Amino acid sequence: MTTAHAPVVSIRERYRDAVSDRWPVTVMPQPDELLSSWLHRLAYANGVAPRAFARVLGVNSGMWSAALDLRLPSDVATLLRAHTGIPSDQLSAMTLSSALPKQLLLPLRNSGRRDGSTWLQFCCRCLADDAQPYFRRRWRLASRVSCTKHGCRLRDRCPSCRGHIAVFDQAQLVPQHYCVPCGYDLRRAPIPYLSPATRTLDRCIDNICSLEAIAHSPSGPVLIRRLLRMPSASGYYSTRLLTSLSTAARTHCAERLNLPSEWPVDGAEDGAEDDDEERKARRLLRLIPPPSDRHAWIELLANALGRRRGRPGASEGNEPAIKLPDLLGAYASMSPRPGRRLAQELLGR
Ligand SMILES: [Zn+2]
Ligand SMILES: [Zn+2]
(Lines give C-alpha, C1' and ligand atoms only; values in the text may rest on other atoms or scores of the structure.)
(Ligands and ions follow the chains in the order given, each with its own letter.)
Protein backbone atom coordinates (compact mmCIF):
# COMPACT_ATOMS: atom_id res chain seq x y z
CA MET A 1 0.00 0.00 0.00
CA THR A 2 1.40 3.36 -0.94
CA THR A 3 1.02 6.71 0.72
CA ALA A 4 1.66 8.66 -2.49
CA HIS A 5 -1.95 9.97 -2.63
CA ALA A 6 -2.37 10.79 1.04
CA PRO A 7 -3.43 14.40 1.59
CA VAL A 8 -0.65 16.72 2.59
CA VAL A 9 -1.44 18.55 5.79
CA SER A 10 0.55 21.62 6.62
CA ILE A 11 0.25 24.14 9.38
CA ARG A 12 -1.06 27.48 8.07
CA GLU A 13 -0.97 30.79 9.89
CA ARG A 14 -3.57 31.11 12.62
CA TYR A 15 -7.04 32.01 11.38
CA ARG A 16 -7.00 35.15 13.47
CA ASP A 17 -3.80 36.28 11.77
CA ALA A 18 -5.11 35.48 8.32
CA VAL A 19 -8.22 37.64 8.58
CA SER A 20 -8.54 41.26 9.51
CA ASP A 21 -10.39 42.62 12.52
CA ARG A 22 -13.39 43.23 10.30
CA TRP A 23 -16.67 41.60 11.19
CA PRO A 24 -17.78 39.11 8.51
CA VAL A 25 -20.48 41.32 6.96
CA THR A 26 -20.12 45.05 6.28
CA VAL A 27 -23.34 47.05 6.08
CA MET A 28 -23.23 50.35 4.20
CA PRO A 29 -25.12 53.33 5.70
CA GLN A 30 -28.11 54.44 3.61
CA PRO A 31 -29.08 58.07 2.81
CA ASP A 32 -30.16 59.91 6.00
CA GLU A 33 -29.94 56.66 8.00
CA LEU A 34 -30.04 56.94 11.76
CA LEU A 35 -27.02 55.43 13.54
CA SER A 36 -29.20 53.12 15.65
CA SER A 37 -30.88 51.78 12.49
CA TRP A 38 -27.48 51.02 10.93
CA LEU A 39 -26.30 49.34 14.15
CA HIS A 40 -29.38 47.09 14.22
CA ARG A 41 -28.83 46.12 10.57
CA LEU A 42 -25.13 45.52 11.23
CA ALA A 43 -25.92 43.27 14.20
CA TYR A 44 -28.53 41.28 12.26
CA ALA A 45 -26.26 40.85 9.21
CA ASN A 46 -23.55 39.42 11.47
CA GLY A 47 -25.92 37.04 13.24
CA VAL A 48 -26.27 38.91 16.54
CA ALA A 49 -29.60 40.06 18.01
CA PRO A 50 -29.68 43.80 18.80
CA ARG A 51 -30.00 43.35 22.57
CA ALA A 52 -26.85 41.18 22.64
CA PHE A 53 -25.05 43.62 20.33
CA ALA A 54 -25.05 46.22 23.14
CA ARG A 55 -22.66 43.92 25.01
CA VAL A 56 -20.42 43.62 21.92
CA LEU A 57 -20.11 47.42 21.92
CA GLY A 58 -19.63 47.55 25.69
CA VAL A 59 -22.58 49.88 26.30
CA ASN A 60 -25.43 49.68 28.81
CA SER A 61 -28.64 47.95 27.79
CA GLY A 62 -32.03 49.68 27.67
CA MET A 63 -32.40 52.20 24.84
CA TRP A 64 -28.69 51.77 24.09
CA SER A 65 -28.80 52.44 20.35
CA ALA A 66 -31.12 55.46 20.67
CA ALA A 67 -28.69 56.90 23.23
CA LEU A 68 -25.81 56.41 20.77
CA ASP A 69 -27.78 58.47 18.20
CA LEU A 70 -27.54 61.40 20.61
CA ARG A 71 -23.91 60.87 21.60
CA LEU A 72 -21.40 58.43 20.12
CA PRO A 73 -18.51 57.96 22.61
CA SER A 74 -15.08 57.93 20.98
CA ASP A 75 -14.23 54.39 22.17
CA VAL A 76 -17.41 53.00 20.55
CA ALA A 77 -16.69 54.96 17.35
CA THR A 78 -13.14 53.56 17.29
CA LEU A 79 -14.41 50.00 17.77
CA LEU A 80 -17.01 50.40 15.01
CA ARG A 81 -14.48 51.92 12.62
CA ALA A 82 -12.02 49.07 13.25
CA HIS A 83 -14.60 46.31 12.77
CA THR A 84 -16.56 47.76 9.85
CA GLY A 85 -14.15 50.05 7.98
CA ILE A 86 -16.78 52.82 7.98
CA PRO A 87 -14.87 56.12 8.49
CA SER A 88 -15.49 58.35 11.50
CA ASP A 89 -17.12 61.18 9.55
CA GLN A 90 -19.66 58.76 8.08
CA LEU A 91 -20.41 57.39 11.55
CA SER A 92 -20.90 60.83 13.08
CA ALA A 93 -23.06 61.94 10.12
CA MET A 94 -25.60 59.30 11.21
CA THR A 95 -25.86 60.73 14.73
CA LEU A 96 -28.10 63.62 15.78
CA SER A 97 -25.22 65.68 17.11
CA SER A 98 -24.75 68.12 14.25
CA ALA A 99 -26.91 70.96 12.89
CA LEU A 100 -30.15 69.77 14.46
CA PRO A 101 -32.15 71.86 16.94
CA LYS A 102 -32.16 69.50 19.92
CA GLN A 103 -35.38 71.08 21.23
CA LEU A 104 -37.35 69.58 18.33
CA LEU A 105 -36.14 66.00 18.83
CA LEU A 106 -38.67 63.51 20.17
CA PRO A 107 -37.68 62.56 23.73
CA LEU A 108 -36.48 59.05 24.56
CA ARG A 109 -38.75 58.79 27.59
CA ASN A 110 -42.12 57.13 27.14
CA SER A 111 -45.08 58.61 29.02
CA GLY A 112 -47.23 55.58 28.29
CA ARG A 113 -50.12 57.89 27.27
CA ARG A 114 -52.11 57.00 24.21
CA ASP A 115 -51.58 60.51 22.80
CA GLY A 116 -48.00 60.74 24.08
CA SER A 117 -44.89 60.87 21.91
CA THR A 118 -42.65 57.93 21.15
CA TRP A 119 -38.98 58.36 20.32
CA LEU A 120 -39.18 57.38 16.63
CA GLN A 121 -41.59 57.59 13.70
CA PHE A 122 -41.62 55.69 10.41
CA CYS A 123 -43.14 55.71 6.93
CA CYS A 124 -44.45 52.24 6.09
CA ARG A 125 -44.09 52.93 2.35
CA CYS A 126 -40.41 53.87 2.74
CA LEU A 127 -39.81 50.67 4.72
CA ALA A 128 -41.63 48.69 2.01
CA ASP A 129 -39.53 50.31 -0.74
CA ASP A 130 -36.19 49.71 0.98
CA ALA A 131 -34.10 46.70 -0.05
CA GLN A 132 -33.05 46.57 3.61
CA PRO A 133 -35.61 48.59 5.60
CA TYR A 134 -34.02 51.36 7.66
CA PHE A 135 -35.06 54.31 9.86
CA ARG A 136 -34.31 57.91 8.84
CA ARG A 137 -32.78 60.68 10.99
CA ARG A 138 -35.59 63.10 10.13
CA TRP A 139 -38.13 60.69 11.65
CA ARG A 140 -36.75 61.67 15.07
CA LEU A 141 -38.11 65.23 14.75
CA ALA A 142 -41.35 66.32 16.39
CA SER A 143 -41.76 68.95 13.66
CA ARG A 144 -42.27 66.22 11.06
CA VAL A 145 -45.52 64.36 10.56
CA SER A 146 -45.25 63.37 6.88
CA CYS A 147 -42.86 61.50 4.61
CA THR A 148 -40.84 63.72 2.27
CA LYS A 149 -40.85 61.10 -0.45
CA HIS A 150 -44.38 59.68 -0.31
CA GLY A 151 -46.28 62.60 1.24
CA CYS A 152 -48.17 60.24 3.55
CA ARG A 153 -48.47 60.63 7.30
CA LEU A 154 -45.84 59.00 9.48
CA ARG A 155 -46.66 56.48 12.19
CA ASP A 156 -45.09 56.20 15.64
CA ARG A 157 -46.73 53.02 16.84
CA CYS A 158 -47.30 49.48 15.64
CA PRO A 159 -50.89 49.36 14.29
CA SER A 160 -51.31 45.86 15.71
CA CYS A 161 -50.17 46.15 19.37
CA ARG A 162 -49.79 49.99 19.67
CA GLY A 163 -46.22 49.44 20.88
CA HIS A 164 -43.44 51.89 19.98
CA ILE A 165 -40.31 51.03 18.00
CA ALA A 166 -38.07 49.02 20.35
CA VAL A 167 -35.50 47.31 18.13
CA PHE A 168 -32.79 47.98 20.75
CA ASP A 169 -34.66 45.45 22.93
CA GLN A 170 -34.96 42.76 20.24
CA ALA A 171 -33.58 39.47 21.62
CA GLN A 172 -34.37 37.42 18.50
CA LEU A 173 -32.52 37.42 15.20
CA VAL A 174 -35.23 39.31 13.29
CA PRO A 175 -34.94 42.28 10.86
CA GLN A 176 -35.80 45.64 12.39
CA HIS A 177 -39.02 46.24 10.46
CA TYR A 178 -40.83 43.63 12.55
CA CYS A 179 -42.48 44.94 15.73
CA VAL A 180 -40.55 43.63 18.74
CA PRO A 181 -43.49 42.78 21.07
CA CYS A 182 -45.88 41.29 18.46
CA GLY A 183 -43.87 40.54 15.30
CA TYR A 184 -46.09 42.67 13.00
CA ASP A 185 -44.43 43.57 9.70
CA LEU A 186 -44.40 47.40 9.83
CA ARG A 187 -44.16 47.55 6.01
CA ARG A 188 -47.78 46.33 5.90
CA ALA A 189 -49.16 49.09 8.13
CA PRO A 190 -52.13 50.98 6.63
CA ILE A 191 -51.34 54.53 5.50
CA PRO A 192 -53.06 57.18 7.67
CA TYR A 193 -54.82 60.13 6.00
CA LEU A 194 -53.09 63.52 5.85
CA SER A 195 -54.69 66.67 4.44
CA PRO A 196 -52.83 68.44 1.59
CA ALA A 197 -52.61 71.65 3.65
CA THR A 198 -50.90 69.89 6.57
CA ARG A 199 -48.54 68.16 4.16
CA THR A 200 -47.63 71.59 2.78
CA LEU A 201 -46.98 72.97 6.29
CA ASP A 202 -44.74 69.97 6.97
CA ARG A 203 -42.79 70.49 3.74
CA CYS A 204 -42.56 74.24 4.27
CA ILE A 205 -40.95 73.70 7.67
CA ASP A 206 -38.66 71.05 6.21
CA ASN A 207 -37.64 72.84 3.00
CA ILE A 208 -37.79 76.60 3.39
CA CYS A 209 -36.82 76.45 7.03
CA SER A 210 -34.17 73.79 6.78
CA LEU A 211 -32.77 72.87 10.14
CA GLU A 212 -29.43 74.45 9.34
CA ALA A 213 -31.25 77.64 8.30
CA ILE A 214 -33.15 77.72 11.61
CA ALA A 215 -29.87 77.40 13.48
CA HIS A 216 -28.41 80.42 11.67
CA SER A 217 -31.46 82.69 11.41
CA PRO A 218 -32.15 85.54 13.87
CA SER A 219 -35.78 84.37 14.01
CA GLY A 220 -34.76 80.70 14.42
CA PRO A 221 -35.19 80.58 18.22
CA VAL A 222 -38.65 82.23 17.92
CA LEU A 223 -39.71 79.72 15.27
CA ILE A 224 -38.55 76.80 17.44
CA ARG A 225 -40.55 78.18 20.40
CA ARG A 226 -43.63 78.66 18.21
CA LEU A 227 -43.32 75.15 16.79
CA LEU A 228 -43.05 73.72 20.31
CA ARG A 229 -46.18 75.65 21.30
CA MET A 230 -48.26 74.60 18.30
CA PRO A 231 -50.47 72.42 20.55
CA SER A 232 -51.61 75.42 22.60
CA ALA A 233 -51.79 77.72 19.53
CA SER A 234 -54.18 75.22 17.96
CA GLY A 235 -56.37 75.47 21.04
CA TYR A 236 -56.21 71.74 21.51
CA TYR A 237 -53.62 71.03 24.21
CA SER A 238 -53.07 74.08 26.37
CA THR A 239 -50.05 73.01 28.39
CA ARG A 240 -48.22 70.41 26.35
CA LEU A 241 -45.26 70.86 24.04
CA LEU A 242 -45.14 69.52 20.50
CA THR A 243 -42.44 67.01 21.50
CA SER A 244 -44.72 65.39 24.10
CA LEU A 245 -47.44 64.44 21.61
CA SER A 246 -47.97 61.41 19.38
CA THR A 247 -47.74 61.81 15.60
CA ALA A 248 -51.55 61.62 15.38
CA ALA A 249 -52.00 64.37 18.02
CA ARG A 250 -49.40 66.64 16.36
CA THR A 251 -51.11 66.13 13.02
CA HIS A 252 -54.42 67.06 14.61
CA CYS A 253 -52.88 70.32 15.93
CA ALA A 254 -51.49 71.16 12.47
CA GLU A 255 -54.87 70.41 10.86
CA ARG A 256 -56.59 72.85 13.21
CA LEU A 257 -53.99 75.56 12.58
CA ASN A 258 -54.50 75.14 8.87
CA LEU A 259 -58.26 75.54 8.87
CA PRO A 260 -59.03 79.07 7.61
CA SER A 261 -62.37 79.06 9.44
CA GLU A 262 -60.47 78.72 12.73
CA TRP A 263 -58.92 82.16 12.31
CA PRO A 264 -60.46 85.45 13.37
CA VAL A 265 -60.68 88.21 10.77
CA ASP A 266 -58.01 90.69 11.80
CA GLY A 267 -58.27 94.50 11.82
CA ALA A 268 -56.71 94.91 8.40
CA GLU A 269 -59.55 92.94 6.90
CA ASP A 270 -62.52 94.15 8.96
CA GLY A 271 -63.97 96.26 6.18
CA ALA A 272 -62.80 94.00 3.47
CA GLU A 273 -65.71 91.65 3.17
CA ASP A 274 -65.92 92.43 -0.51
CA ASP A 275 -62.18 91.95 -1.01
CA ASP A 276 -61.81 90.18 -4.29
CA GLU A 277 -59.32 87.42 -4.88
CA GLU A 278 -57.16 89.62 -7.06
CA ARG A 279 -56.68 92.20 -4.30
CA LYS A 280 -55.82 89.46 -1.82
CA ALA A 281 -53.32 87.92 -4.22
CA ARG A 282 -51.70 91.34 -4.84
CA ARG A 283 -51.34 91.92 -1.09
CA LEU A 284 -49.73 88.52 -0.65
CA LEU A 285 -47.37 89.13 -3.57
CA ARG A 286 -46.16 92.29 -1.83
CA LEU A 287 -45.53 90.50 1.45
CA ILE A 288 -44.15 87.16 0.35
CA PRO A 289 -40.37 87.02 -0.14
CA PRO A 290 -38.69 84.76 -2.72
CA PRO A 291 -38.11 81.17 -1.52
CA SER A 292 -34.36 81.81 -1.45
CA ASP A 293 -34.79 84.37 1.38
CA ARG A 294 -34.96 81.78 4.12
CA HIS A 295 -34.48 84.21 7.00
CA ALA A 296 -37.56 86.16 5.88
CA TRP A 297 -39.57 82.97 5.51
CA ILE A 298 -38.55 81.79 8.97
CA GLU A 299 -39.73 85.13 10.39
CA LEU A 300 -43.04 84.99 8.51
CA LEU A 301 -43.69 81.41 9.56
CA ALA A 302 -42.84 82.20 13.19
CA ASN A 303 -45.29 85.12 13.10
CA ALA A 304 -48.01 83.06 11.42
CA LEU A 305 -47.62 80.31 14.04
CA GLY A 306 -47.77 82.96 16.77
CA ARG A 307 -51.33 83.88 15.87
CA ARG A 308 -53.55 82.19 18.38
CA ARG A 309 -57.07 81.09 17.79
CA GLY A 310 -59.57 83.68 18.93
CA ARG A 311 -57.07 86.53 18.92
CA PRO A 312 -56.04 89.08 16.29
CA GLY A 313 -52.74 88.66 14.47
CA ALA A 314 -49.72 88.83 16.74
CA SER A 315 -46.98 90.09 14.47
CA GLU A 316 -43.98 91.21 16.47
CA GLY A 317 -42.87 93.89 14.01
CA ASN A 318 -44.74 96.58 12.09
CA GLU A 319 -45.49 94.21 9.24
CA PRO A 320 -49.03 92.86 9.24
CA ALA A 321 -49.17 89.17 10.07
CA ILE A 322 -49.96 86.75 7.29
CA LYS A 323 -52.34 83.98 8.15
CA LEU A 324 -50.87 80.51 8.02
CA PRO A 325 -53.12 79.16 5.22
CA ASP A 326 -52.25 82.19 3.05
CA LEU A 327 -48.56 81.79 3.75
CA LEU A 328 -48.69 78.11 2.89
CA GLY A 329 -50.70 78.87 -0.22
CA ALA A 330 -48.00 81.27 -1.37
CA TYR A 331 -45.35 78.69 -0.53
CA ALA A 332 -47.16 75.99 -2.47
CA SER A 333 -47.58 78.32 -5.46
CA MET A 334 -43.80 78.64 -5.62
CA SER A 335 -43.29 74.88 -5.34
CA PRO A 336 -43.42 72.39 -8.19
CA ARG A 337 -46.68 70.55 -8.76
CA PRO A 338 -48.73 69.13 -7.07
CA GLY A 339 -48.28 72.06 -4.64
CA ARG A 340 -49.56 74.50 -7.29
CA ARG A 341 -53.00 72.96 -7.26
CA LEU A 342 -53.11 73.36 -3.49
CA ALA A 343 -52.07 76.99 -3.79
CA GLN A 344 -54.97 77.71 -6.09
CA GLU A 345 -57.32 76.01 -3.63
CA LEU A 346 -56.03 78.02 -0.68
CA LEU A 347 -55.79 81.38 -2.43
CA GLY A 348 -59.20 80.85 -3.96
CA ARG A 349 -60.89 80.68 -0.57
ZN1 LIG B 1 -42.08 57.36 2.74
ZN1 LIG C 1 -46.71 45.32 17.52
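What you see is a predicted model, and the numbers here were worked out from it, not measured in a lab.

A. Local environment of the packing of helix α2 (residues 35–45) against helix α3 (residues 50–57). Between α2 and α3, the least distance of the axes is 9 Å, while the angle of their chain directions is 95 degrees. By the angle class used here, α2 and α3 are roughly perpendicular. Residues Leu39, His40, Leu42 and Ala43 of α2 pack against Pro50, Phe53 and Leu57 of α3. Per-class residue counts for the contact of α2 with α3 are six nonpolar, one polar and no charged.

B. Region of the structure containing the pattern of salt bridges. The tally for this structure, following the rule as stated, stands at twelve salt bridges. Note that Asp130 is salt-bridged to Arg136, the shortest N-O span being 2.7 Å. With respect to burial, Asp130 and Arg136 carry one shared label: buried. Residues joined by salt bridges that share partners form a network here, namely Asp32, Arg137 and Arg138.

C. Spotlight on the coordination of the zinc ion (ligand 2). On the protein side, the zinc ion (ligand 2) has Cys158 (SG), Cys161 (SG), Cys179 (SG) and Cys182 (SG) as donor atoms, found 2.3 to 2.4 Å from it. Because the angles between the four donor atoms bound to the zinc ion (ligand 2) fall within 103 to 117 degrees, the donor set is best described as tetrahedral. Here the donor residues of the zinc ion (ligand 2) are spaced in sequence according to C-x2-C-x17-C-x2-C. Overall, Cys179 belongs to the buried group, its relative accessible area being 6%. For Cys182, a relative accessible area of 37% corresponds to the partly exposed category.

D. Main features of the coordination of the zinc ion (ligand 1). All of the protein donors around the zinc ion (ligand 1) are Cys123 (SG), Cys126 (SG), Cys147 (SG) and His150 (ND1); their distances to the metal are 2.1 to 2.3 Å. Around the zinc ion (ligand 1) sit four donor atoms, and with donor-metal-donor angles ranging over 103 to 115 degrees the site reads as tetrahedral. In primary-sequence terms, the residues that donate to the zinc ion (ligand 1) follow C-x2-C-x20-C-x2-H. Assessed through its relative accessible area of 0%, Cys123 is described here as buried. By relative accessible area, Cys126 is classed as buried at 5%.

Criteria and thresholds
- Residues numbered from 1 in each chain as written.
- Chains lettered and ligands numbered in written order.
- Predicted model: local features only at pLDDT ≥ 70, side-chain atom pairs only at ≥ 80, totals over all residues.
- Heavy atoms only, no water.
- Axes fitted to C-alpha atoms, helices over the stretch in contact; angles between N-to-C directions.
- Helix = DSSP H or I, 4+ residues; strand = E, 2+ residues; numbered from the N terminus.
- Parallel < 35°, antiparallel > 145°, perpendicular 65-115°, else oblique.
- Contact = heavy atoms within 4.5 Å.
- Nonpolar A, V, L, I, M, F, W, Y, C, P; charged D, E, K, R; others polar.
- Salt bridge = Lys/Arg side-chain N within 4 Å of Asp/Glu carboxyl O.
- Buried < 20%, exposed > 50% of the residue type's maximum accessible area, 1.4 Å probe, protein only.
- Donors = N, O, S within 2.8 Å, 3.2 Å for Na, K, Ca; no water.
- Tetrahedral: all angles 85-135°; square planar, octahedral: opposite > 155°, others 65-115°.

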